[in-house]
Amino acid sequence: MKSRFWSSLVGLMGLVWAISLAGCASPTEAPKLALDPQDSLQMRGWVPDRLKGQILLSPVTGGRATGSWWGSKLSNAALQEAIEESLRATGMLALRPASGGFSMEAQLVDLEQPIFGLNTKVALTMAYTVVDKRSGAVVYQRRLRSVYVAEFTAAMVDPNERLRLATEGALRSNVNLMLRDLIALALN
């Protein structure tokens, strides 16, 4: 009877140790934050001439680096790379600073992440402002909120992995909304 108790206790201790290792936060991966190739290819065909190669992205603000225990965050560098790559993939990014007719500012305003959950839901709010460089007029200004849910089956063992996947998905969705807005408005 005692050996059964000790083997159960050792098994439980091993499980607690494995869960504590899974407690370390995993940072978001910048390449996975950008638009999917299918989305960017689809959008590329709809980009009006006025926006092709015309948007300069200012340094992105509002991000925070991922800490050891506080969940997967979005750093300014990761946000910058994701938005720049998405603009590049759709053909809107100005390749030379002097060539762009519009400047874009992007700021992470809010990142809502659960502490724990089987299906992990992340909500993200970004503020975007696009200014016509010649006139100085604001031609686009919006706060966009997007939500993404990473299902339990996406990463059954590691809740931090689900959190990372949900955070990446929320940003991809947000950038997708912003780019579709720009295409629809055509910045007349």
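Residues numbered from 1 in each chain as written. Predicted model: local features only at pLDDT ≥ 70, side-chain atom pairs only at ≥ 80, totals over all residues. Heavy atoms only, no water.

K.L.:
Would you mind going over the confidence of the model for the protein with me for this structure?
P.N.:
Confidence along the protein averages 82 in pLDDT terms, with 76% of residues attaining 70 or more. Scored below 50 in pLDDT, residues 13–23 makes 6 contacts in the model with residues more than four places away or belonging to other chains. (pLDDT = per-residue confidence, 0-100. Contact = heavy atoms within 4.5 Å.)

K.L.:
Hey, could you run me through the pattern of salt bridges in this one?
P.N.:
Side chains that differ in sign of charge can pair as their charged atoms come close. The final tally for this structure, using the stated rule, is 8 salt bridges. Note that E161 is salt-bridged to R164, the shortest N-O span being 2.3 Å. One end of the pair, E161, and the other, R164, are both in helix 5 (residues 159–185), 3 residues apart, so they sit about a helical turn from each other. Through salt bridges that share partners, E161, R164 and E168 make up one connected network. (Salt bridge = Lys/Arg side-chain N within 4 Å of Asp/Glu carboxyl O. Helix = DSSP H or I, 4+ residues; strand = E, 2+ residues; numbered from the N terminus.)

K.L.:
I'm lost on the pairing of strand 4 (residues 138–150) in this one. Help?
P.N.:
Consecutive side chains of a regular strand alternate in pointing toward one face of the sheet and then the other. Pairing analysis gives 12 bridges linking strand 3 (residues 120–132) to strand 4, with the strands arranged antiparallel. Across the sheet, T125 pairs through a bridge with R145, a residue of strand 4. Between strand 3 and strand 4, which pair antiparallel one after the other, the connecting turn spans 5 residues, and G136 there sits at a positive phi close to 80°. (Pairing = 2+ DSSP bridges.)

K.L.:
What's the story with a nonpolar patch on the surface in this structure? I'm lost.
P.N.:
A cluster of nonpolar residues, I115, F116 and L118, forms a patch on the protein surface that exposes about 420 Å² of accessible area. A relative accessible area of 89% places I115 in the exposed class. (Patch = residues over 30% accessible without salt bridge, like charges linked within 9 Å, V, L, I, M, F, W, Y side chains within 5 Å. Areas by Shrake-Rupley, 256 points an atom, 1.4 Å probe, with all protein chains shown as cover. Buried < 20%, exposed > 50% of the residue type's maximum accessible area, 1.4 Å probe, protein only.)

K.L.:
In this structure, what is going on with the side chain of N174? I would like to understand it.
P.N.:
Looking at the element boundaries, N174 is found in helix 5. Overall, the relative accessible area of 0% leaves N174 in the buried class. N174 has contacts with L124, T125, M126, Y128, L144, R145 and S146, leaving out every residue within four places of it along the chain.

K.L.:
Would you mind going over the sheet that holds strand 4 with me for this structure?
P.N.:
The strands making up a sheet associate through hydrogen bonds between their backbones, and the pairing can be parallel or antiparallel. With mixed pairing, 4 strands are arranged side by side in an open sheet as 1-2-3-4. Looking at the sheet topology across the chains shown, the edges are occupied by strand 1 (55–57) and strand 4. Averaged over all pairs of adjacent strands, the angle between strand axes in this sheet comes to 30°, irrespective of strand direction. Where helix 4 (residues 76–90) meets the sheet, its contacts fall on strand 1, strand 2 (102–112) and strand 3, and the angle it forms with strand 1 comes to roughly 170°. (Axes fitted to C-alpha atoms, helices over the stretch in contact; angles between N-to-C directions.)

K.L.:
Mind showing me how you'd approach the packing of helix 3 (residues 37–44) against helix 4 here?
P.N.:
A packed helix pair is summarised by two numbers, namely the angle formed by the two axes and the spacing between the axes. Their axes nearest at 8 Å, the elements helix 3 and helix 4 cross at an angle of 50°. Compared by their axis directions, helix 3 and helix 4 come out oblique. Contact residues: helix 3 offers S40, M43 and R44, while helix 4 offers R88, A89 and T90. Taken together, the residues of the contact of helix 3 with helix 4 sort by class into 2 nonpolar, 2 polar and 2 charged. (Parallel < 35°, antiparallel > 145°, perpendicular 65-115°, else oblique. Nonpolar A, V, L, I, M, F, W, Y, C, P; charged D, E, K, R; others polar.)

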